[in-house]
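Next come the chains, spelled out residue by residue.
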Amino acid sequence: MEQAPRDPERQLQPAPLEPLGHPDAGLQAAVSEEAEGARDEGSGEGTMTENNFWLKKIEINVSEAEKRTGRNAMNMQETYTAYLIETRSVEHTDGQSVLTDSLWRRYSEFELLRNYLLVYYPHIVVPPLPEKRAEFVWHKLSADNMDPDFVERRRIGLENFLLRVASHPILCRDKIFYLFLTQEGNWKETVNETGFQLKADSRLKALNATFRVKNPDKRFTELKHYSDELQSVISHLLRVRARVADRLYGVYKVHGNYGRVFSEWSAIEKEMGDGLQSAGHHMDVYASSIDDILEDEEHYADQLKEYLFYAEALRAVCRKHELMQYDLEMAAQDLASKKQQCEELATGTVRTFSLKGMTTKLFGQETPEQREARIKVLEEQISEGEQQLKSKNLEGREFVKNAWADIERFKEQKNRDLKEALISYAVMQISMCKKGIQVWTNAKECFSKM
Amino acid sequence: MDMNSFSPMMPTSPLSMINQVKFEDEPDLKDLFITVDEPESHVTTIETFITYRIITKTSRGEFDSSEFEVRRRYQDFLWLKGKLEEAHPTLIIPPLPEKFIVKGMVERFNDDFIETRRKALQKFLNRIADHPTLTFNEDFKVFLTAQAWELSSHKKQGPGLLSRMGQTVRAVALSMRGVKSRPEEFMEMNNFIEIFSQKINLIDKISQRIYKEEREYSDEMKEYGPIHVLWSASEEDLVDSLRGVARCLDQCCKATEKRMSGLSEALLPAVHEYVLYSEMVMGVMKRRDQIQAELDSKVEALTYKKADTDLLIEEIGKLEDKVECANNALKADWERWKHNMQNDIKSAFTDMAEENIHYYEQCLATWESFLASQTDLHMEETSEDKPESH
């Protein structure tokens, strides 16, 4: 994935994989190479897209957000925000981009898309959406979904989500995703028609499997622990960061009060007046500088939040594995017990308790014909069961192989992104320090001239 | 004894030592050095109180020795201040630290309170020592040199309590007569000090608030670094980056602590002293007004021929001298005070700005070194595994 150059300071960094970019940047998804290579991969059931679309490089922007009113499912008036998604294809030769599609979507449609992807690509670590409600707020930030700063950060988060999907070698080829970007009307119906909601595994089933599975792949168990730790540590970090931001805001803003008082005081001073007045001005500059600083930091927090939410995506893959493994174990167990029953019927020995055996004892032996019939049924079932077990086994191994490939991909992405994020945090701190040095040097000069 | 060296035992901070010398009208002639230290708690059946050790080093002839060590309690300082005000009603006597801090004090004698008071008491005595007139005051000398019993007996001399009270009552009555006859220059002075007092009070509050906010920021920062270390435990590939960030945050936290202590050492006490000083100056203005009012009332009496005119004329003559003396004393001292105030405020705020610059420079250095380490590593890594770029 490439990144359009932004301001000079950022250019000093090595070109990173940085989907969470500056608000005005359009980021490109160099999909073609990866898509080519991934053509034969995956057991996803999503339908394939037109190859033409993905052979060109595309640019996806969530460029605008707009407040709208409409009627919800209960036919009540509601206010919501709609986001404009613009897709451009970039010609190889001259690098010019042409707007190919442009439509409006709201957050709930993004959720629908993601839920669909979760069902059809259970072996993929599906990129998360930006948060539904503002969490880890510090006092200045509004927790209101309609707040312009929140909407702006959400716009960036949604763009990031689309870019993540578009740059994923398997997900990018999904037709529903393609339609999400290109077909405004009727898209919801199209998604629902896939019947994905019915295919989704019930939470209860998954929970049951998690508790009862006997031999899950150890790597998935470790991954689960890792994702729990990741979630816990990032939450903690975000909470503390919010408190630190709050306090820092306080320190800066109180200095602003100096400005006003110095100015009033300068009125009665002859020699000191000018120095006081201009020093006061610098105090005002200092106080107001914190707003931009903390806004930049919010973007950093959003980068961390993405990985906080990714933890849940990791857990989803682990859950699927546990479910499949449990299913496999149950099927194997069932087959074993049927085989046993069959053997007992054939040899006439009863080693295991069976209701039939009980009733036979109580109500009399069954006829040889009846016994033959039962053996035949069992043999059929065993044969079927063996086939099923074989295919489940195959499925399970395929799943593990593919999931693990995506997990490796995810790990590398995570390491790159987090390293970048930490570097960008350092850059922010450096900028803040430089501003501070400047303001206080100016103030010092004014003070020393008093 | 070498007068230009300070004994290493003296607890003066470099900043305050510099400040002391700055006040000097004639730096080369400073011949009286005073330190206040070693607060000690004394418990008697009636009360508990604190005494401070006062060491005086001097080369002056009128002192019997070149070094003195005495113990004084706050009450003694109050006595000294009272005597100075009595002897020089229109000179600006330095302020004493408050008797009690009104809000948030559970125990009168917690460590911060005692330390703040000690510094302020030292400042008080040095201000007097630097004052061209007050430095030669007899009571001041007694305060610095007399043993405890000597001081007690010295205190008992002088006008009694009742007569002092009488003066105060008369003074209040006279001041009620208004200030309509206040000369122009003193009107200006009054306007100035009223506004100054307002502003310096606000600045005092703002500065205290900044200290509080910095304290809270520092407390949160203490937790911030360690989380990154915790995280590094589950991330093999990010250990360097995370620990690096943790280190930077810890350094910044330390730098904040340093900034805070700079604030509490220098800016806060300096600003607060001027809060108290402005009250003193307003008091001095009132006393000047009272002296003038005395004259005015006698002059008025003369016009109405209320009493023996010859006696009145004689009294008026004396009072006119008194007023002239008082006015001249105040004018001179006012100039001196204003000059000092400007220097003190200027240096206090300049130092604060310097502390802030230093703070940001330290933080900058630590983050820059982290960034350097990361980008070097990063360059290596990305050139290895980066896919073909367009």
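Residues numbered from 1 in each chain as written. Chains lettered and ligands numbered in written order. Predicted model: local features only at pLDDT ≥ 70, side-chain atom pairs only at ≥ 80, totals over all residues. Heavy atoms only, no water.

1. Focus on the interface of chain B and chain A
Logical step 1: Each partner contributes to the interface: chain B provides 61 residues, whereas chain A provides 60 residues.
Logical step 2: Overall, the association of chain B and chain A removes approximately 6100 Å² of surface from exposure, summing both partners, and the carbon and sulfur fraction of that is 71%.
Logical step 3: Counting the contacts that link chain B with chain A gives six salt bridges.
Logical step 4: In this structure, the salt-bridge partner of K414(A) is E235(B), at a minimum N-O distance of 2.4 Å.
Logical step 5: At the boundary of chain B with chain A, the tally comes to 17 residue pairs in polar contact (both at pLDDT 80 or more).
Logical step 6: Ranked by residues supplied to the side of chain B that touches chain A, first place goes to helix α9 (residues 309-385) of chain B with 25 residues.
Logical step 7: Split into classes, the residues belonging to the side of chain B that touches chain A amount to 32 nonpolar, 12 polar and 17 charged. (Contact = heavy atoms within 4.5 Å. Buried area = accessible area lost by both parts, 1.4 Å probe. Salt bridge = Lys/Arg side-chain N within 4 Å of Asp/Glu carboxyl O. Polar contact = N/O pair within 3.5 Å; in protein donor to acceptor, adjacent residues only side chain to side chain. Helix = DSSP H or I, 4+ residues; strand = E, 2+ residues; numbered from the N terminus. Nonpolar A, V, L, I, M, F, W, Y, C, P; charged D, E, K, R; others polar.)

2. Notes on unusual backbone geometry
Most peptide bonds take the trans form, and the phi angle of most residues other than glycine is negative.
Logical step 1: Positive phi outside glycine occurs at N75(A), with the angle close to 60°.
Logical step 2: Residue position: N75(A) is located in the loop between β2 (57-71) and β3 (77-90).
Logical step 3: For E38(B), which is not glycine, the phi torsion reads 50° and is therefore positive.

3. So, the domain arrangement of chain B
All names here are of chain B.
Logical step 1: Domain parsing of chain B yields domain 1 (32-156) and domain 2 (178-376).
Logical step 2: Taken over C-alpha atoms, the centre of domain 1 sits 22 Å from the centre of domain 2.
Logical step 3: Of the roughly 1700 Å² buried between domain 1 and domain 2 on both sides combined, carbon and sulfur atoms contribute 58%.
Logical step 4: Taken as a group, T90, I92 and R127 account for 41% of the area that domain 1 buries against domain 2, more than any other trio of residues on that side.
Logical step 5: Residue E265 pairs with K119 through a salt bridge whose shortest N-O separation is 3.9 Å.
Logical step 6: The tally of links from domain 1 across to domain 2 stands at eight residue pairs in polar contact (both at pLDDT 80 or more).
Logical step 7: Listing elements by their share of the side of domain 1 that touches domain 2, those giving two or more residues are α2 (74-87) and α3 (111-130).
Logical step 8: The biggest single contributor to the side of domain 1 that touches domain 2 is α3, with four residues.
Logical step 9: Within the side of domain 1 that touches domain 2, the residues separate by chemical class into nine nonpolar, two polar and seven charged. (Domains from an automatic or database assignment.)

4. So, the environment of K305(B)
All names here are of chain B.
Logical step 1: Looking at the secondary structure, you find K305 in the loop between α8 (239-303) and α9.
Logical step 2: For K305, a relative accessible area of 64% puts it in the exposed group.
Logical step 3: Note: C-alpha distance between K305 and W334 (29 residues apart in sequence) is 37 Å. (Buried < 20%, exposed > 50% of the residue type's maximum accessible area, 1.4 Å probe, protein only.)

5. Section: empty space enclosed by the protein
Residues and elements named next belong to chain A.
Logical step 1: The full count for this structure, using the stated rule, is seven cavities of 30 Å³ or more.
Logical step 2: Taken as a whole, the largest cavity encloses approximately 220 Å³ of empty space.
Logical step 3: Among the elements that make up the lining of the largest cavity, the one with the highest residue count is helix α5 (residues 148-166) (seven residues). (1 Å grid on protein atoms, 1.4 Å probe; cavity = no way out; pocket = protein on both sides within 12 Å on 5 of 7 lines; lining within 4 Å. Points joined across faces, edges and corners; volume = space filled by probe spheres on them.)

6. Examining the pattern of salt bridges
Logical step 1: Taken as a whole and assessed by the stated rule, the structure comprises 59 salt bridges over all chains.
Logical step 2: Salt-bridge contacts for K320(A) lead to D201(A); the nearest nitrogen and oxygen are separated by 2.9 Å. Here K320(A), found in helix α11 (residues 273-347), pairs with D201(A), found in the loop between α8 (196-199) and α9 (203-212); they are 119 residues apart in sequence, far enough to count as distant.
Logical step 3: By relative accessible area, which is 34% here, D201(A) ends up partly exposed.
Logical step 4: A salt bridge links E257(B) to R215(B); the shortest N-O distance between them is 3.7 Å. Of the two residues, E257(B) is situated in helix α8 and R215(B) in helix α7 (residues 184-232); the sequence distance between them amounts to 42 residues.
Logical step 5: A single network of salt bridges, built from pairs that share partners, joins E131(A), R153(A), R241(A), E297(A), E298(A), D302(A) and K305(A).

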